[in-house]
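Report on the structure
Listed below, chain by chain, are the residues.
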Amino acid sequence: MFFASDNSGPVPPQVLESLTRANEGYAMGYGGDALSQQVTDKIRTLFEAPEAAVYLVPTGTAANVLSLACLCPPYATVFCSPVAHIHEDECNAPEFFTGGAKLTLVGEGDRMSPEALRAAIENEETRGVHGPKRGPVSITQVTERGNVYSMDELRALTAVARDYGLPVHLDGARFSNAAIKLGVTPAEMSWKIGVDICVFGGTKNGLMGVEAVVIFDAAKAAEFEYRRKRGALLFSKHRYLAAQMDAYLTDTLWHDLASRANARCDQALQGLKGAGVTVLNDTHANMIFFEMPRAAHRAVQEAGAVYHLWGSLEGTDDVAVMGRLVFDWSLEPEAVSAFVDAVRAAV
């Protein structure tokens, strides 16, 4: 009953086998190996973007901040949600890698609205050199509160960005979970709706540690390469990043892993609603935010469930506390059933 994070799950055997195969003999470094080129070709095919530039980096933070640095000069601002990963969880890395660009927080929740985005954009470039220039719009899909933007919501946001000539960055750490939830292709959820740079996440969906940055504007490619090297994020033994991504892209493994995670989320969602628990996020891929009395959380965690709380187990029993469940590819249906049973017994 481990629901703390999809960062915590194991690596699928297909990925380990791919790493073992890549470990044979010698290969050119820094992405000059045949496997890295093969991965580039596969991602271009998956995204229906034969001219896209594709780069592999070891972490989601690296993928996001290098992408934003290519889109945002130091005197501009990035428009994002107040709970975007780039704001809450990346330790000022966006500001550091952009050379000091600020973040402008749009709205109050995890999903920006087009109206709030337009208002935030209009509020900038109003003070001449005393304020920042307008910069890229950064969208997190799935959001940090477990919600999935609909395709109409995404189109509305990218349309606002286009109205002002601003580029769009898509933080897709859970890109696969969202695409499957919406029943769309990677192309439909990226460049076809106006995304300029997309992060195609792998680590949260079962890989050991690799993310792909897909740049649809080839003019930004050379800059990304320099920034990746300058940021100490260009792996010399690049084939081991490529080997993970190659397995991910073989026989639709990326799709299968995310589908399993989403299915376990759906299973838990029905169980929690049946138990009368308050679920807080109204759309779902592989995350659930929920509330129940502190005493119930205490009982469920004592029964062996592992998940994060937005609050303490210490205090008045009947006070509602928020919890977060994240479902990864390796969870078995029996583990989710055991969790739901524990919740029903506790509430």
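Report on the accompanying structure. (Residues numbered from 1 in each chain as written. Predicted model: local features only at pLDDT ≥ 70, side-chain atom pairs only at ≥ 80, totals over all residues. Heavy atoms only, no water.)

1. Let's talk about the overall build of the protein
Scanning the protein from N- to C-terminus turns up 13 helices and 11 strands. By its C-alpha atoms, the protein is 60 × 60 × 35 Å across when sized along the principal axes. In the protein, which comprises 347 residues, the proportion classed as buried is 52%. Within the protein, contacts between residues at least 6 apart in sequence are counted, and of these 75% link residues at least 24 apart. (Helix = DSSP H or I, 4+ residues; strand = E, 2+ residues; numbered from the N terminus. Buried < 20%, exposed > 50% of the residue type's maximum accessible area, 1.4 Å probe, protein only. Contact = heavy atoms within 4.5 Å.)

2. Quick look at the sheet that holds strand β10 (residues 308–310)
Pairing in this open sheet of 4 strands is antiparallel, and the strands run β8-β9-β11-β10 from one edge to the other. Each end of this open sheet is capped by a strand with a single partner; those strands are β8 (278–279) and β10. Looking at chain direction, β8 and strand β9 (residues 287–293) are connected through 2 bridges and run antiparallel. Looking at the pairing, Thr-278 lines up with Glu-291 of β9. Running over the sheet, helix α11 (residues 253–274) touches β8, β9 and β11 (320–326) and is turned about 20° from β9. (Pairing = 2+ DSSP bridges. Axes fitted to C-alpha atoms, helices over the stretch in contact; angles between N-to-C directions.)

3. Remarks on the packing of aromatic side chains
Evaluated as defined, the whole model comprises 13 aromatic pairs. Both rings, one in Phe-96 and one in Phe-97, keep their centres 5.4 Å apart while their planes meet at 75°; by these two values the pair is edge-to-face. Between the aromatic rings of Phe-200 and Trp-254, the centroid separation amounts to 6.0 Å while the plane-to-plane angle is 75°, which identifies the pairing as edge-to-face. Of this pair, Phe-200 sits in strand β6 (residues 197–200) while Trp-254 sits in helix α11, placing them 54 residues apart in sequence. Take Phe-200: its relative accessible area is 0%, and that puts it in the buried class. For Trp-254, a relative accessible area of 7% corresponds to the buried category. Through a chain of ring-to-ring contacts, three or more aromatic side chains come together here, namely Phe-47, Phe-175, Phe-200, Phe-216, Tyr-248 and Trp-254. (Phe/Tyr/Trp six-rings, centres within 6.5 Å; stacked < 30°, edge-to-face > 60°.)

4. Quick look at the pattern of salt bridges
On inspection of all chains with the given rule, the structure shows 13 salt bridges. Between Asp-163 and Arg-118 there is a salt bridge, with its nearest N and O atoms 2.8 Å apart. Of this pair, Asp-163 sits in helix α7 (residues 151–163) while Arg-118 sits in helix α6 (residues 114–122), and the two are 45 residues apart along the sequence. Take Asp-163: its relative accessible area is 52%, and that puts it in the exposed class. Given the relative accessible area of 32%, Arg-118 is considered partly exposed. (Salt bridge = Lys/Arg side-chain N within 4 Å of Asp/Glu carboxyl O.)

5. Some remarks on unusual backbone geometry
With an omega dihedral of 10°, the bond running from Gln-141 to Val-142 counts as a cis peptide bond. When you line up the elements, Val-142 lands in the loop between β4 (133–140) and α7. For Asn-92, which is not glycine, the phi torsion reads 65° and is therefore positive. For Asn-92, the location among the structural elements is in the loop between α4 (85–88) and α5 (93–97). With a phi angle near 55°, Thr-252 is a residue other than glycine that sits in the positive phi range.

6. Remarks on helix α9 (residues 221–230)
Of the residues making up α9, those classed as buried are Ala-221, Phe-224 and Arg-228. Along the long axis of α9, the arc covered by the buried residues comes to 55°, so they all point the same way. Exposed positions of α9 whose direction lies more than 90 degrees from the buried face are Tyr-226 and Arg-230. The elements touched by buried residues of α9 are β1 (53–57), α3 (60–71) and β7 (211–215). (Arc of directions from axis to C-beta.)

7. A short note on the environment of Thr-316
When you line up the elements, Thr-316 lands in the loop between β10 and β11. Taking relative accessible area as the criterion, Thr-316 reaches 47% and is therefore assigned partly exposed. Residues Thr-316 and Gly-206, 110 residues apart in the sequence, show an inter-C-alpha distance of 38 Å.

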